[in-house]
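Structural overview
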Amino acid sequence: DEARAAEGSAFKFDELETGIDDRHHVAPGYDADVLLRWGDPLFADSPEFDPTKQSAEAQARQFGYNNDYVGYIPIDGSAEHGLLVVNHEYTNPHLMFPGIVSVVEKDGKKKAEVAPLSKQQVDVEMAAHGGTIVEIRKQDGKWQVVRDGKLNRRITSNTEMALSGPAAGHDRLKTNADPSGAKVIGTLNNCAGGVTPWGTYVMAEENIHGYFSGDLPAGHKEAANYKRLGIPEGAYEWGAHYDRFNLAREPNEPNRFGWIVEVDVNDPNSVPRKRTAMGRFKHEGAESIVTKDGRVVFYLGDDERFDYVYKFVTAGKFNPDDRAANMNLLDDGTLHAAKFAEDGSVEWMPIVFGQGPLTAENGFASQADVLIETRRAADLLGATKMDRPEDIQPNAANGKVYVMLTNNSKRKAEQVDAANPRADNTFGHIIEIVEDGGDFAAAKGKWEVLLKCGDPSVADVGATFSTATTAHGWFGMPDNCAVDSAGRLWVATDGQGPKATGRTDGLWAVDTEGLARATSKLFFRVPIGAEMCGPLFAPDDQTAFVAVQHPGDGGEDWEGFGRPSYYEDPSTRWPDFKPDMPVRPSVVAITKQGGGKIAV
Ligand code: FEO
Ligand code: CA
Ligand code: CA
Ligand code: CA
């Protein structure tokens, strides 16, 4: 069976070995070239990156920090010339700024203490968030950044945005700075995202709770709403310098974050739109597919332990011949929450004001209220509490949908259900959905667990990789994923390490069909401390773009690197390996030596 499973694999490449060191590695026969690093200039007038002279002005003209989602929008249909769109999820000040960490000894262990940031450093952080739109071109088999491409753009925490859809202009979205409730400054914590069928870039606002600090006025009506989202966490120091991040001064501001943001990349001056019809929660991503009747379905994960899987179905139809006609499709449609039943069926429950429990009796006065508190609406509908829904990817080639469930160490034995089958789910799992009648907009579907992750050689783990999967091929903590144009699944991980799995994060090729189903092979791995984001295949399958996020982070947790990792003494100096350069999160382009499709 093992030989037949290996034989039946859709992936042809020699597997990479796992390991932990200070650089990236790719399977033999491939090149993995760094394309875009934090601080790289994007415009003719951008300053070159100088880590000792950081400013918000420079950062706003350079590639941002912690690249996560990567998308490609072809120019004139080309697979070798297009716009790369990249999210910059968050910042790691201890790895970005010199001289702010003191290493102290606590209980016999070295610990990094980070000094309060200056306002100038906070401003750099704000400019390092958001997204990048940048023209790229393949020349002689290698990708190049087109500096000063006319559509190049940085989006930051200071970019003006519009709120649109049912919640726009609602009282709960009004602030002192914006009495209209329809104009927001900036976007936060853009994790994964998507590219729409009409060629716009969508960014998902995920962990927004960290940016807010201060106390809500006593008895404030948003208290329960914010508690459900963990607001305020106060991980960032922005509230000390800007009223909009201080709940005491602007108590409604958090309602203006946690949305899906749509950007028209064809106009670098376009105002990005926060599409409130798609709900407000800790949005992981927004991958989409066109249904048979022309409507468009977006699959949406809410990345928190015991939160939900959603899908949004547009009311209008996609018009492939008229881009302008599609530009407000995301303002009108129906959001649904998933209920995974024990019998292997899934029900998509509409989140619509006035239906079921979503009424005045439960404190909702309108669809705007329902969308602002999407989680509470889904609680009332009885959606299935999942093990941290991350990226969800529809597959046009076989009609299936893959749901990454990254882990949930807090699930107790009595909380186990068919769709979340393991207590203390350290390694996560992947669910596969087939919608009824092959219609992605269907109200019901069938599901099964494609893969329980973790080391299959440890019986207690209960992993379900095929027996053809090698000791390097298994993984834990699935996060982002991609489907290439042949319909093959690639899974990126977040959270492996010496203690968790004895390996770094990376990109694995996962068979989903036939005898080889649930066979996995390692293709790429990241340097120590990093997480694997992206991934994305160019339309011709000849390039895999991957995003190496937070390289060198988490020093204390890396045994063998028994010290905190910080700017002056990082656990790696990837990707430059120069003594005066800090670690730099970067996008890497993987191509086959001599050309051709990947893993064929
Ligand atoms: Fe930003 Fe859910 O990972
Ligand atoms: Ca991430
Ligand atoms: Ca993620
Ligand atoms: Ca994650």
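All of the points below concern the structure found in this document. (Residues numbered from 1 in each chain as written. Chains lettered and ligands numbered in written order. Predicted model: local features only at pLDDT ≥ 70, side-chain atom pairs only at ≥ 80, totals over all residues.)

Here we come to the sheet that holds strand β2 (residues 30-37). As summarised here, the arrangement of the 4 strands in space is β2-β33-β32-β31, forming an open sheet in which the pairing is antiparallel. One side of each edge strand has no neighbouring strand; the edge strands of this open sheet are β2 and β31 (531-537). Direction aside, neighbouring strands of the sheet carry axes that sit 25 degrees apart on average. As paired elements, strand β32 (residues 543-549) and strand β33 (residues 586-592) share 6 bridges and run antiparallel to each other. The partner of A544 across the bridge, within β33, is I590. (Pairing = 2+ DSSP bridges. Helix = DSSP H or I, 4+ residues; strand = E, 2+ residues; numbered from the N terminus. Axes fitted to C-alpha atoms, helices over the stretch in contact; angles between N-to-C directions.)

Glancing now at the sheet that holds strand β17 (residues 296-301). Across the sheet, which stays open at both edges, the 9 strands sit in the order β16-β17-β19-β20-β21-β26-β25-β24-β23 with antiparallel pairing between neighbours. Unpaired on one side and paired on the other, β16 (287-290) and β23 (389-394) mark the two borders of the sheet. Each neighbouring strand pair of the sheet contributes to a mean axis angle of 30 degrees, computed without reference to strand direction. Here strand β21 (residues 345-350) runs beside strand β26 (residues 444-452); their pairing, made up of 3 bridges, is antiparallel. Opposite E347, over in β26, you have K444 as the bridge partner.

Moving on, we get to the environment of M203. In this structure, M203 sits in strand β13 (residues 201-205). The class of M203 is buried, set by 34 C-beta atoms lying within 10 Å. Ignoring sequence-local partners within four residues, the contact set of M203 consists of N87, G131, T187, N190, G193, V261 and V263. (Buried ≥ 20, exposed ≤ 12 C-beta atoms within 10 Å, placed from the backbone. Contact = placed C-beta atoms within 7 Å.)

Moving on to the pairing of β26. Of the pairings in the sheet, the one linking strand β25 (residues 429-435) to β26 comprises 7 bridges and is antiparallel in character. Bridging from a neighbouring strand, I433 pairs with W447 of β26.

Attention now moves to the pairing of strand β8 (residues 142-145). Remember that side chains alternate between the two faces of the sheet whenever the strand is regular. As paired elements, strand β7 (residues 130-139) and β8 share 4 bridges and run antiparallel to each other. Across the sheet, the residue bridging to Q139 is K142, located in β8. In sequence, β7 turns back onto β8 through a hairpin of 2 residues, with D140 there showing a positive phi of about 50 degrees.

Among all positions in helix α7 (residues 374-381), only T374, R375, A377 and A378 are buried. Viewed along the axis of α7, the buried residues span an arc of 160 degrees, placing them on a single side of the element. Looking at the buried positions of α7, the neighbouring elements they touch are α5 (223-228), β18 (305-307), β20 (333-340) and α6 (367-372). Remark: G382 follows α7 within two positions and exhibits a positive phi of approximately 80 degrees. (Arc of directions from axis to C-beta.)

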